[in-house]
Amino acid sequence: MSEKEGLKNNVREALANENLRGALGRFGDAYIGARENAYAGKDFQELRGQIAAIKGAAAQNMEELARRFAESARSRGAKVYRARTAQEARDYIKKLAEEKGVRKIVKSKSMASEEIHLNEYLNQHGMESVETDLGEWILQLSGQKPSHMVMPAIHMTRGEVADVFSEEVKRQLSSDIPELVRVAREQLRKKFLAAEMGISGANIAVAETGTIVIVTNEGNARLTTTLPPVHVAVVGMEKLVEKFADVKPILEALPRSATGQKITSYVTMITGPTPAAYPDGSVRDKELHIILLDNGRTSMQSDPVFKEALQCIRCASCLNVCPVFQLVGGHVYGHIYTGGIGTVLTAFFNGFQKASDIQNLCLGCERCKRYCPGNIDIPRLIRELRRRVVENNGLPGMPKFVLEKVLPNRKLFHNLIKTARAAQKPFQKGAMVRHLPMFLAGLTEGRSLPAIAEKPFRDIVLTGHRPPATGDQTKVGFFAGCLTDFVYPQLGEAVHKVLRHMGMRMTFPVEQTCCGVPAIYMGSRKAAAELARRNIAAFERDGVEHIITACPTCAHALKHQYVELLDTDPGWRKRAEYFAAKVTHFTAFVAEKSDNGELPGLQRGNMRITYHDSCHMKGCLGITEEPRALLSAAGLQLAEMEGSDRCCGFGGSYSIKFPEISRRILDKKLAAIEATGAQMLALDCPGCLLQLSGGLDSRGKALPVKHTAEILAQQIAGSGKS
Amino acid sequence: MGKKDIDRLYNVFKEQAEAVSARVYRVKDPRDAGRRLTQIFQELNVSNVITAQSDLLRECLGAADTGKVTVYAENLREHSEDAHLGLSEADLAIAETGTLVQDSTALEQRLVSTLPPVHVALVRTGRLVEHFVDALEQLNHERAELPGYIAFISGPSRTADIERVLTIGVHGPEQLHIIFVDRPGGEQVE
């Protein structure tokens, strides 16, 4: 089985696992509120700015900090070993254990030790290395891998845990959780008392003082670092910070972002060896060995893009807010580090090839970016990973043809779409395509596809737009984007009507083409840059004052990604910057240009509506209040849905690559919409419009879904009420 | 710090610590602290106690009724496995999060607060600080070098590793009692 088929199988298995989805879903829902409460009174933006600065500087000076850490820790009596590879780290620990005659080892949770597969290695060499974190112990006994960085056994039920423990203690246990926890306490207490060596990780390592900081709730790290006379700490080099004062913002953010706690039950700061009780009854200083682990970190540090990933504090909030992770859990990622950041870390710690398939799981919703306390642009890192995979492996045949040959050739691209329109006729019923030939089956699962429009917006524009009768005739260029142009031309019509109502003149530079997002997400930077140049040139020729689009994904590309794409050419970069400065999403533009967010001269509506915050609208453009203000001012009553900013599952071609994941995310969204009892769903993204109206249609629901532009246009006098 | 400030910090501490399942009391002096200890011993049916050593601990224990209780102050490692209750003094208390701060370099400090199912911590009320950063500064200020083992303790040991259900008392104590003493050794809080 190829890696790709393996991934698809893993996804299918994960989706079939009700326990996993139940537990992850419940946690994901509770997490948002718990996190918010924990951050009450704190300025998250400021805090993550501080962390990014501290960790960014530390990554920059990683080698120097490692040297200083070693010096400080040694001056306090610790032994510090620099391990370049996983093998060096494993060998050091094995040799140390052999020298000391150690047979029994207790471990507290450490991702770094999992990364180097330490347990297996020690066990192979005749030592018993026991995980003492409850979740990790459950996994160790059942021979499974962690599915979440902070909650490793979240995929298992109490019944399964009872079975695993029953086998261990050789009697049948009930599935009562407090009872199971008590059994674990008793069993592991014996291990703690008998252990000759304790192995821990560290959450922070301070160069200035040689201190390691460990954060836990269960108290197992305190026992691991107190009872055995030898303590080994395995510390990834990215844990280094320069000063003791640097621990403060990290300790403030870590528990809040990880589990919604203000602080964990225990925070332990260890500087040099402290006394331990030896088997002969004496009490004297223990041996403290600190292993600074490189294993790919310095190569990450020397990478201009990926060094940002070293700002990660391993809170796993990017997993907790990821709509895909919530459905499939960590196992499908196939490695120790999971989710978005895990994909990037896996590429460096375990090899790019390993990460090349799992990066496909990212929907591109960019939700994780808003929550990351290290201020890491995870979606950008994943796009870069994708680009490099494509650079190494090349694009697969069909996407390669479309991206490199069709998209840059606007006329060919647009003619192909027209041909596709003719081909869809036999399958079409009403405005939705219901059945497609087999090879496109994934597309219609759980969602009807809209038909490609009879007349694309570009043809409508050529034949019939009049300038406004009044107003200052401000010249506004409209960027349609593929969905508005070819599937939803009525959105372009609505935009035109609203602008005309505002006394503005809309122009449509006809040389415009695809915004380039599909190419960016497929990892073809070359094709994306070419599309960027074409679009910029098209609008320059028209000499417009503003550039607006009704699609937040296009707006994000035009405003934020073109500059990055054309970065290497100073001339084009300047043009891209000038272009980007003019770009606004339609709805924010109307709100800005109208009276206190109210568009004058509208008939008042009275419908009960609910509003969906599209990922790229809220997350990338920061637009969330404006549509609500405009719609409310137009008389509509807003009933907020649960999780209005949760992804609808569209993600462009994602819904084709992983239709089952996309459909489950859609199900959740539709349930939230239905629960509001709204008579209409409002949104601001043609992609979400496609996903959500298709989802409703395929479930036989008649709830209308409208773009803000359409709603406003309908309420302009003379259009009939909504 | 005035009495009003102390009262405010104490109230914040109590609220925060109780939110993470600690039990918080405030007493006038070591004699009252002794009474509180006696009550805890009786309620929990405690027979073996291990204690770290400090002036405050000695005074408060001295005032408690230890008739039915064996108190070990030495060879703690040997007695810790069977102890029901561990007693220690915390150096500072952080109001913002209900956290105790303890220089735990001495092995005894760690044994009494990790192994027995119940941990009772005494704190001088005047040692309350508002924020985490205040505690770090005070530790730095009062000591020539950073202690070898600093413990921050917020509530008893907890886990949510099985089905995300919160369960109190895994590897560390199942109960944490915190007794604030306003006038340790009889002196007035400023």
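For clarity, every value in this text was computed on a predicted model and none was experimentally measured.

Peer 1: Where do I start with empty space enclosed by the protein in this structure?
Peer 2: Gaps left between atoms show up when a probe the size of a water molecule is rolled over them. In the structure shown here, the tally under the stated rule is 7 cavities of 30 Å³ or more. In this structure, the largest cavity spans a volume of roughly 200 Å³. Taken together, 22 residues line the largest cavity, and the ones lying closest to its centre are Cys322, Gly340, Cys362, Cys368 and Ile382 of chain A. Each residue belonging to the lining of the largest cavity can be placed in one class, and the counts come to 15 nonpolar, 5 polar and 2 charged. Within this model, the second largest cavity holds a volume of roughly 110 Å³. What lines the second largest cavity is a set of 13 residues, and nearest its centre among them are Leu251, Glu252, Lys262 and Ile263 of chain A together with Phe132 of chain B. Per-class residue counts for the lining of the second largest cavity are 5 nonpolar, 2 polar and 6 charged.

Peer 1: Where do I start with the sheet that holds strand E7 (residues 230–236) of chain A in this structure?
Peer 2: Sheet strands pair by backbone hydrogen bonding; their relative direction is either parallel or antiparallel. Residues and elements named next belong to chain A. The sheet built from 6 strands is open, its strands ordered E1-E12-E7-E4-E2-E3 with parallel pairing. The two strands at the open ends of the sheet, each matched to only one other strand, are strand E1 (79–83) and strand E3 (128–131). Adjacent strand axes in the sheet meet at a mean angle of 20° when their direction is disregarded. As defined by bridge partners, strand E2 (residues 104–107) adjoins strand E4 (residues 197–200) across 3 bridges and the pair is classed as parallel.

Peer 1: Is there a simple way to think about the pattern of salt bridges in this case?
Peer 2: Oppositely charged side chains can form a pair if their charged atoms are brought close together. If you walk through the whole model with that rule in mind, you get 60 salt bridges over all chains. Residue Glu530 of chain A is joined to Arg533 of chain A by a salt bridge in which the shortest nitrogen-to-oxygen separation is 3.2 Å. Taken as a pair, Glu530 of chain A and Arg533 of chain A lie in helix H27 (residues 525–542) at a separation of 3 residues, close to a single helical turn. Looking at Glu530 of chain A, the relative accessible area reads 22%, which means it is partly exposed. Here Arg533 of chain A falls in the partly exposed class, since its relative accessible area comes to 27%. Between Glu142 of chain B and Arg127 of chain B there is a salt bridge, with the nearest N and O atoms lying 2.9 Å from each other. Here Glu142 of chain B is found in helix H6 (residues 132–142), whereas its partner Arg127 of chain B is found in the loop between strand E7 (118–124) and strand E8 (128–129), with 15 residues between them in sequence. Classification of Arg127 of chain B as partly exposed rests on a relative accessible area of 22%. Bridged by salt links that share partners, the residues Glu115, Glu238, Lys239, Arg297 and Arg314 of chain A form one connected network.

Peer 1: Is there a simple way to explain the state of the cysteines in this structure?
Peer 2: By definition, a disulfide is the covalent link that joins the sulfur atoms of two cysteine residues. Residue and element names in this part refer to chain A. The tally for this structure, following the rule as stated, stands at 0 disulfides over all chains. In this structure Cys685 is not part of a disulfide, and its nearest cysteine sulfur, from Cys688, lies 3.7 Å away. The exposure class assigned to Cys685 is buried, which follows from its relative accessible area of 5%.

Peer 1: Please explain the UniProt feature "domain: LUD" (unreviewed entry) in chain B as it appears in this structure.
Peer 2: Those residues carrying the UniProt feature "domain: LUD" (unreviewed entry) are residues 11–181 of chain B in this numbering. Helix makes up 33% of residues 11–181 of chain B and strand 29%, with an end-to-end C-alpha separation of 14 Å.

Peer 1: What should I look at first to understand a negative patch on the surface in this one?
Peer 2: Residue and element names in this part refer to chain A. A surface patch of negative charge is lined by Glu160, Asp163, Glu167 and Glu168. Here Glu160 shows up in helix H9 (residues 158–169). Accessibility expressed as a relative area gives 33% for Glu160, which makes it partly exposed.

Peer 1: Explain the confidence of the model for chain A to me, please; I cannot follow it from the model alone.
Peer 2: A low pLDDT means the predicted coordinates there should not be read in detail. A residue-level look at chain A finds 90% of positions with pLDDT of 70 or above and a mean pLDDT of 88. Of the regions scoring below 50 in pLDDT, residues 434–444 of chain A engages in 17 contacts with residues more than four places distant in sequence or in other chains.

Peer 1: What is the right way to read the pairing of E4 of chain A from this model?
Peer 2: Both faces of the sheet carry side chains from a regular strand, because those side chains alternate between them. Residue and element names in this part refer to chain A. Taking every second residue as pointing to the same face, both faces of E4 are buried, with Met197 and Ile199 on one and Gly198 and Ser200 on the other. In the sheet, E4 pairs with E7 via 3 bridges, with the strands oriented parallel. Bridge pairing in E7 places Ser200 opposite Ala233.

Peer 1: Looking at this structure, I do not really get the domain arrangement of chain A. What am I missing?
Peer 2: It is common to give the size of an interface as the accessible area that goes away when the parts come together. Partitioning chain A into domains gives domain 1 (3–293), domain 2 (421–592) and domain 3 (598–714). Here the C-alpha centre of domain 2 of chain A lies 49 Å away from the C-alpha centre of domain 1 of chain A.

Each value, and the rule that gives it
- Chains are numbered independently. Their residues run from 1 in the order of the written sequence.
- Ligands are numbered from 1 and chains lettered from A, in the order in which they are written.
- Totals for whole chains, interfaces and linings use every residue, but because this is a predicted model, local features are given only for residues with pLDDT of at least 70 and side-chain atom pairs only at 80 or more, for both listing and counting.
- As a rule here, side-chain values cover all heavy atoms of the structure and leave hydrogens and water aside.
- In the cavity and pocket records, a cavity denotes points on a 1 Å grid over the protein atoms alone where a 1.4 Å probe fits but cannot get out, a pocket denotes an open set with protein on both sides within 12 Å along at least 5 of 7 lines, and lining residues are residues with an atom within 4 Å of a point.
- Grid points are joined across faces, edges and corners, and a volume is the space filled by probe spheres set on the points.
- Think of it as three bins: nonpolar holds Ala, Val, Leu, Ile, Met, Phe, Trp, Tyr, Cys and Pro, charged holds Asp, Glu, Lys and Arg, and polar takes everything else, Gly as well.
- A strand pair is defined by DSSP finding two or more bridges across the two strands.
- Secondary structure is summarised from DSSP: a helix means a run of H or I of at least four residues, a strand means a run of E of at least two, and numbering begins at the N terminus for each.
- Axis geometry follows a simple rule: fit a line to the C-alpha atoms, using only the stretch in contact for helices, then measure angles between N-to-C directions, giving values from 0 to 180 degrees.
- By definition here, a salt bridge exists when the distance from a side-chain nitrogen of Lys or Arg to a carboxyl oxygen of Asp or Glu is within 4 Å.
- When accessible area is computed with a 1.4 Å probe and restricted to protein chains, residues below 20% of their type maximum are described as buried, those above 50% as exposed, and intermediate ones as partly exposed.
- Cysteine sulfur atoms are paired as a disulfide whenever they come within 2.5 Å of each other.
- UniProt positions are given in the numbering used here, feature names are shortened, and annotations may be inferred rather than shown by experiment.
- Two distance rules govern patches: like charges are joined within 9 Å, and nonpolar side chains (Val, Leu, Ile, Met, Phe, Trp, Tyr) within 5 Å, applied only to residues with over 30% relative accessible area and no salt bridge.
- Surface accessibility follows the Shrake-Rupley procedure with a 1.4 Å probe radius. Residue values consider only the protein chains on display as shielding.
- Within this scheme the basic residues Lys and Arg register as positive and the acidic residues Asp and Glu register as negative, but His and the chain ends are omitted.
- For this purpose, a charge sits on NZ of Lys, CZ of Arg, CG of Asp or CD of Glu.
- pLDDT expresses, on a scale from 0 to 100, how confident the predictor is about each individual residue.
- In this description, contact between two residues means that some pair of their heavy atoms is separated by no more than 4.5 Å.
- Where each domain begins and ends is defined by an automated method or by a domain database.

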